[in-house]
2 protein chains.
Amino acid sequence: MTATVRTDLYPTRITGESVPQSRIDPTVWGEALSPLDKEQLDHYESNGYLVLDELLSDEEVQTYLAEVKRLSEDPAVRASERAVLEPDSNQMRSLFEVEKVSELFAELLHSPRLTDIARQVLGSEVYIHQSRVNYKPGFGGAPFHWHSDFETWHSEDGMPQPRAFSLSISLTANFPFNGPLMVIPGSHKLFFPTIGETPPDYHKESLQVASPSVGSPDHRHLTRMADEHGIAQITGDAGSAVMFDSNMLHGSNGNLSPFARSNIFIVYNSVENTLEAPFAAVKPRPQHISNREFPSVSST
Amino acid sequence: MTATVRTDLYPTRITGESVPQSRIDPTVWGEALSPLDKEQLDHYESNGYLVLDELLSDEEVQTYLAEVKRLSEDPAVRASERAVLEPDSNQMRSLFEVEKVSELFAELLHSPRLTDIARQVLGSEVYIHQSRVNYKPGFGGAPFHWHSDFETWHSEDGMPQPRAFSLSISLTANFPFNGPLMVIPGSHKLFFPTIGETPPDYHKESLQVASPSVGSPDHRHLTRMADEHGIAQITGDAGSAVMFDSNMLHGSNGNLSPFARSNIFIVYNSVENTLEAPFAAVKPRPQHISNREFPSVSST
């Protein structure tokens, strides 16, 4: 017998009615009590996110900002598939796979101060599922609609379980008014199937527009969750960071203030949770958005 | 001799370079120390805005919210020139001249608890230059770009001096993340001429789009002002209010949160500052946006 039937624990991109399901998997997979202490782990487990103040020194922030600027002005980088430009201004909005185009970023993303946290939380060796630097300009930087990353990674990339998290390291100050990350605390414990089939090459739309046509939960679910749990806006100085569970409902407003926002964004995934065929898309998203070279990366 | 030459103390909608000018006029025109006390007046004078907590009781908030809902569902009101609908959803974004369509609002807007403040600050009898209720829906309510109201009222309505202020009374909670008012404290003391001629019937565009083509200061001026003075986001409970000088630089982000925002917005102007011919537009904006019936209104 050669055919196997795969069980989908988190069906999404469905037709009909979206019924929220309980998360089957843990949020914290490891047992260790360092580098994060018990209080930090507990906060992360129950809320789905954790703020890490002063992760980078002021000097490091300046170094990485200069590197972002250098990359954003490099014609070869701008022309590559890794770069996402703002529809209106042509400014670079995101650059993917930063560890492949920058030695500085490669060193940071593979450094034990980050990977030790990832191993602790995910309870295994880890690798980088996705990385990028984001730049949200002032005077109109675009919003990102509410979504769970895991919902996308599961349906479009074939990630089996929510055994991954994002770490967003701020290179600029996050004010309440320049479009910082908003999360709904506790929302990582429910999975909200979304309605509608994934269109072909959908990432080309979903990474550029504020209200993608599929992949966002019902407004009534979002409203109920926000009524029950509130919304936490993650503000803080340059150099601070926030880690959040792959299944966290999050989004961000536009930025009409003059103050741009820039951050380094890394997704660590467990080597026991590597990608399979997409669960709800015709073909996987490209390599630069969704890393499938895990064996080589996990060994670094 | 019949011809007179009018002096324009605040030239704007110009060609060439925008050079900020100092405000010639006072911010507080009266001498009285009530209903606002000295501390409140000083705050208003130096910052250009003042928060008034618990201006309305919870019961009043409920009453006015019900009245807003009633008006927004009234087909005659929706069809009138006074109503501005959201471009995408057709929801009512603003309704002007609320004191003309609602006895409840007429009573509130002419009540001494509001007009006494206006008389105190403007140092004369006052009248309503403009009124509206605003409704900014959740899940994508539109942003308003940075501007000084006086810059518009001067150029398009013919208001001679910045001897007016706005009072925004919240009917819903203002969170940092649902697109509340942002102001640049102290910016009311400078006048920023804007570049470009006022297009004909420009209010039809400027009231609907996030980044109107004229009437907003240079980004470099805005950046410098925000760097120097910061940005204050006005948050607070339903029933709280904020008054701000007509020449204050202000704007608001979009609202991707599920929480709608609704407020009552009133502009009080001094009867010694009534409208003339527009200073930089072919014809005045319509009556419902820019009241020219001041004698009858000032006597209420």
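Residues numbered from 1 in each chain as written. Chains lettered and ligands numbered in written order. Predicted model: local features only at pLDDT ≥ 70, side-chain atom pairs only at ≥ 80, totals over all residues. Heavy atoms only, no water.

Chain A has the name Ectoine hydroxylase in an unreviewed UniProt entry, where Actinopolyspora erythraea is given as its organism. A UniProt comment under Function (unreviewed entry) is attached to chain A, and it reads "Involved in the biosynthesis of 5-hydroxyectoine, called compatible solute, which helps organisms to survive extreme osmotic stress by acting as a highly soluble organic osmolyte. Catalyzes the 2-oxoglutarate-dependent selective hydroxylation of L-ectoine to yield (4S,5S)-5-hydroxyectoine." UniProt lists a comment for chain A under the heading Subunit (unreviewed entry), and it reads "Homodimer." (UniProt positions renumbered as here; feature names shortened; annotations may be inferred.)

Here the focus is the overall build of chain A. For chain A, the count of helices and strands is ten helices and 13 strands. The C-alpha atoms of chain A give a radius of gyration of 18 Å, which matches the 19 Å a tight globule of 300 residues would have. Seen through its principal axes, chain A has C-alpha atoms that stretch 55 × 45 × 45 Å. Every one of the 300 residues in chain A was classed for burial, and the buried ones make up 57%. Expressed as a percentage of contacts within chain A between residues at least 6 apart in sequence, the contacts between residues at least 24 apart total 84%. Accessible surface for chain A amounts to roughly 12300 Å². Of this, 53% is attributable to carbon and sulfur atoms. Averaging the coordinates of the 23 positive side-chain charges in chain A and doing the same for the 40 negative ones gives two points 4 Å apart. (Helix = DSSP H or I, 4+ residues; strand = E, 2+ residues; numbered from the N terminus. Rg over C-alpha atoms; globule rule 2.2 N^0.38 Å. Buried < 20%, exposed > 50% of the residue type's maximum accessible area, 1.4 Å probe, protein only. Contact = heavy atoms within 4.5 Å. Areas by Shrake-Rupley, 256 points an atom, 1.4 Å probe, with all protein chains shown as cover. Lys, Arg positive; Asp, Glu negative; His and termini not counted. Charge placed at Lys NZ, Arg CZ, Asp CG, Glu CD.)

Turning our eyes to something else, we now look at the packing of aromatic side chains. All names here are of chain A. This structure, assessed with the given rule, holds 20 aromatic pairs over all chains. Both rings, one in Tyr44 and one in Phe165, keep their centres 6.5 Å apart while their planes meet at 75 degrees; by these two values the pair is edge-to-face. On the criterion of sequence distance, the pair formed by Tyr44 in helix H1 (residues 38-47) and Phe165 in strand E7 (residues 164-170) is long-range, its members being 121 residues apart. You can call Tyr44 buried: its relative accessible area is 0%. Ring centres 6.1 Å apart and planes at 65 degrees place the aromatic pair Phe244 and Phe265 in the edge-to-face group. Here Phe265 lies in strand E13 (residues 261-270) and Phe244 lies in strand E11 (residues 241-245), a separation of 21 residues in the sequence. One aromatic cluster in this structure is built from Tyr10, Phe150 and Phe191. It is Arg6 that lies over the ring of Phe279; its NZ or CZ is 3.7 Å from the centre. Across the ring face of Phe265, the terminal group of Arg132 is positioned such that the distance to the ring centre comes to 4.2 Å. (Phe/Tyr/Trp six-rings, centres within 6.5 Å; stacked < 30°, edge-to-face > 60°. Lys NZ or Arg CZ within 6 Å of the ring centre and 35° of its normal.)

So, on to the pairing of strand E5 (residues 126-136) of chain A. All names here are of chain A. In terms of burial, E5 is a largely internal element, ten of the eleven residues being buried. Two strands pair when backbone bridges link them, and E5 and E13 are joined in this way by ten bridges, in the antiparallel orientation. Counterpart to Arg132 in the pairing with E13 is Phe265. (Pairing = 2+ DSSP bridges.)

Here chain A sits on chain B after a turn of 180 degrees about the axis and a move of 0.0 Å along it, with an RMSD of 0.0 Å. These values place the two chain copies in the arrangement generated by a two-fold rotation axis. Here 100% of the interface residues in chain A have copies in chain B that are interface residues too; the copies meet face to matching face. (Least-squares fit on C-alpha atoms with pLDDT ≥ 70 in both.)

Residue and element names in this part refer to chain A. Taken together, the four strands give an open sheet; going across it, the order is E6-E12-E8-E10, and neighbouring strands pair in antiparallel fashion. The open sheet is flanked by strand E6 (144-148) and strand E10 (232-233), the only strands paired with a single partner. The strands that helix H7 (residues 149-157) touches are E6 and strand E12 (249-252); relative to E6, the one it contacts most, it runs at about 70 degrees. (Axes fitted to C-alpha atoms, helices over the stretch in contact; angles between N-to-C directions.)

Since there are 3.6 residues in each turn of an α-helix, residues three or four apart along the chain are aligned in direction. With a side-chain oxygen positioned 3.2 Å from the backbone nitrogen of Glu39(A), the residue opening H1(A) is Asp37(A). In the segment just after H1(A), Gly48(A) is the residue with positive phi, at about 90 degrees. (Polar contact = N/O pair within 3.5 Å; in protein donor to acceptor, adjacent residues only side chain to side chain.)

A few words now on the interface of chain A and chain B. Each partner contributes to the interface: chain A provides 23 residues, whereas chain B provides 23 residues. Both sides of the chain A and chain B interface together cover about 2000 Å² of buried area, and 71% of this is carbon and sulfur. Summed over the shared surface of chain A and chain B, the number is zero salt bridges. Taken together, the links from chain A to chain B amount to six residue pairs in polar contact (both at pLDDT 80 or more). The set of elements that each furnish at least two residues to the side of chain A that touches chain B consists of E6 and helix H9 (219-229) of chain A. The dominant element in the side of chain A that touches chain B, judged by the number of residues it contributes, is H9(A), at five residues. (Buried area = accessible area lost by both parts, 1.4 Å probe. Salt bridge = Lys/Arg side-chain N within 4 Å of Asp/Glu carboxyl O.)

On the surface, a cluster of negative charge is contributed by Asp53(A), Glu54(A), Asp58(A), Glu59(A) and Asp237(A). Considering the arrangement of structural elements, one finds Asp237(A) in the loop between E10 and E11. (Patch = residues over 30% accessible without salt bridge, like charges linked within 9 Å, V, L, I, M, F, W, Y side chains within 5 Å.)

Let's shift gears to H7(A). Residues and elements named next belong to chain A. Judged by how many residues are buried, H7 sits mostly within the fold: nine of nine residues are covered. For H7, the full list of buried residues reads Asp149, Phe150, Glu151, Thr152, Trp153, His154, Ser155, Glu156 and Asp157. Of the residues that open H7, the one with a side-chain oxygen 3.3 Å from the backbone nitrogen of Phe150 is Ser148. In the segment just after H7, Gly158 is the residue with positive phi, at about 80 degrees.

This part is about the pattern of salt bridges. One pass over the full model with this rule turns up 40 salt bridges over all chains. Across the pair Lys100(B) and Glu97(B) runs a salt bridge whose closest N-O atoms are separated by 3.0 Å. A residue is classified by how much of its surface remains accessible, and Lys100(B), at 37% relative accessible area, is partly exposed. A cluster of three or more residues bridged by salt bridges with shared partners is formed by Arg82(A), Glu97(A), Lys100(A) and Glu293(A).

All names here are of chain B. Taken together, seven strands build an open sheet; the order of strands is E2-E11-E7-E13-E5-E4-E3 and the sheet is antiparallel. At either end of the open sheet lies a strand with only one pairing partner, and these are strand E2 (49-52) and strand E3 (83-85). The average undirected angle you get between the axes of adjacent strands in this sheet is 15 degrees. Strand direction decides the pairing type here: E3 and strand E4 (residues 92-96), joined by three bridges, are antiparallel. Within E4, the residue paired with Ala83 across the bridge is Leu95. Across the face of the sheet, helix H1 (residues 38-47) comes into contact with E2, strand E7 (164-170) and strand E11 (241-245) while running at roughly 140 degrees to E2.

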